[in-house]
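Architecture at a glance
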Amino acid sequence: MSDPQIVELDEIDCRFEPRPWAFAEENHAAIATHWEEVIRQKPASFNGRILLLHRWEISGRRFRGSYLMTDYASFLAWRDFGTPGEPKWNCFAMAALQAADGAFLLGEMAEHTSNAGAIYFAAGTPDPSDLDGDMVNLAGSVTRELEEETGVSPRDVTIAAGWTAVFHGPRIAMMKTVRSPVPAGALKARIEGFLAADSQPELSRMHVVRSRDDLVADRMPAFQRAYLMHRLERISSEAPGV
């Protein structure tokens, strides 16, 4: 797989355009067997409905895309089998949470999740709750996932204009900067207090990233590291005296 590619966007226009998915239709038995193993290893896994991107284009600084609907078991099997068949993309939104002092806060996925131990910003694969008519509301997904996973509500942050898209193979991460007026240490403590009060939080703890030295190569996916390096370099270049 090639290195992640970063594109700055002004606008995202994604729609729900349902259509059959050949992989899911042709691999029922393999998907079921795979899901049985997922449940054996992670009993809390839930086979809900999710949205998968089947077409996209960029015109200027505007991203347009179309999603189909499938179930999580089929999506997970497709991902774990190496994304076979006609190209599809897991296109999701992420809340790039930045504290008042400029540091970024990322969550570590809890043991009961399918990506246990991975570290990245609050996010989730789009699902039917992200539909507003036929529009896939990725901006709404940003704030919903942030509040569900960390307790940080839209009232607690300033949401930046525009998006930073990170393309890496069948994954497209749509990053939206959300800035808190709280310094990183206090914000980390607040979120971890929220996690401690949850009987089954999606995150186990928070990580603060201030520089490249804070990146965790073996647990942060390549697209996440690429975004952080991109932002850290920009912050450094904009610093007074640089």
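Now for a look at the structure at hand. Every value quoted in this text rests on a predicted model; they were computed, and no experiment measured them. (Residues numbered from 1 in each chain as written. Predicted model: local features only at pLDDT ≥ 70, side-chain atom pairs only at ≥ 80, totals over all residues. Heavy atoms only, no water.)

With 13 residues, helix H5 (residues 184-196) ought to run about 18 Å at 1.5 Å a step, and its terminal C-alpha atoms sit 18 Å apart, in line with that. Turning to H5, the residues buried within the fold contact strand E5 (90-98), strand E6 (104-109), helix H4 (138-150) and strand E14 (203-209). (Helix = DSSP H or I, 4+ residues; strand = E, 2+ residues; numbered from the N terminus. Expected span 1.5 Å × (residues − 1). Contact = heavy atoms within 4.5 Å.)

Let us now look at the pattern of salt bridges. On inspection of all chains with the given rule, the structure shows 20 salt bridges. Between glutamate 17 and arginine 55 there is a salt bridge; the shortest N-O distance is 3.6 Å. Residue glutamate 17 is found in the loop between strand E2 (11-16) and helix H1 (22-26), and its partner arginine 55 is found in strand E3 (residues 49-59); the two are separated by 38 residues along the sequence. Using a relative accessible area of 30% as the deciding quantity, one classes glutamate 17 as partly exposed. Aspartate 130 is the salt-bridge partner of arginine 144, the closest N and O atoms lying 2.8 Å from each other. Highlighted residues: arginine 144 in helix H4 and aspartate 130 in the loop between strand E8 (122-124) and strand E9 (131-132), separated in sequence by 14 residues. (Salt bridge = Lys/Arg side-chain N within 4 Å of Asp/Glu carboxyl O. Buried < 20%, exposed > 50% of the residue type's maximum accessible area, 1.4 Å probe, protein only.)

This brings us to the side chain of threonine 143. In this structure, threonine 143 sits in helix H4. For threonine 143, a relative accessible area of 16% corresponds to the buried category. Not counting chain neighbours up to four residues away, the residues in contact with threonine 143 comprise Pro154 and Ile159.

Moving on, we come to the environment of valine 152. Summarising the element assignment, valine 152 is placed in the loop between H4 and strand E11 (158-159). Taking the C-alpha atoms as reference, valine 152 lies 29 Å from threonine 70; in sequence the two are 82 residues apart. Apart from residues no more than four positions distant in its own chain, valine 152 is found in contact with Leu146, Glu147, Val157, Leu187 and Ile191.

Bringing unusual backbone geometry into the picture now. We note that threonine 83 has phi near 55°; this positive angle belongs to a residue other than glycine. Of note, threonine 83 is situated in the loop between helix H3 (72-80) and E5. For threonine 83, a relative accessible area of 26% corresponds to the partly exposed category.

Let's shift gears to the environment of histidine 54. Within the secondary structure, histidine 54 is located in strand E3. For histidine 54, a relative accessible area of 10% corresponds to the buried category. Separated by 65 residues in sequence, histidine 54 and isoleucine 119 place their C-alpha atoms 27 Å apart. Setting aside its immediate chain neighbours within four residues, histidine 54 contacts Glu17, Arg19, Ser66, Tyr67, Leu68, Pro87, Lys88 and Trp89. Engagement of the side chain of histidine 54 in a polar contact is seen with the backbone oxygen of glutamate 17, the distance being 3.0 Å. For histidine 54, the side chain forms a polar contact with the side chain of arginine 19, separated by 3.5 Å. (Polar contact = N/O pair within 3.5 Å; in protein donor to acceptor, adjacent residues only side chain to side chain.)

What follows deals with the nonpolar core. In this structure, Phe63, Met94, Phe121, Leu138 and Met174 are the most contacted members of the largest nonpolar core, which totals 57 residues. Looking at this core, the element that brings in the most residues is E5, giving 7 residues. Not counting residues up to four positions away in its chain, the partners in contact with methionine 174 are Leu9, Ile12, Phe63, Cys91, Phe92, Ala93, Met94, Leu138, Trp163, Thr164 and Ala165. One finds Val38, Tyr72, Ala73 and Leu76 within the second-largest nonpolar core, a separate group that totals 15 residues. (Core = buried A, V, L, I, M, F, W, Y, C linked by side-chain atoms within 4.5 Å.)

This is a description of form; function is not addressed.
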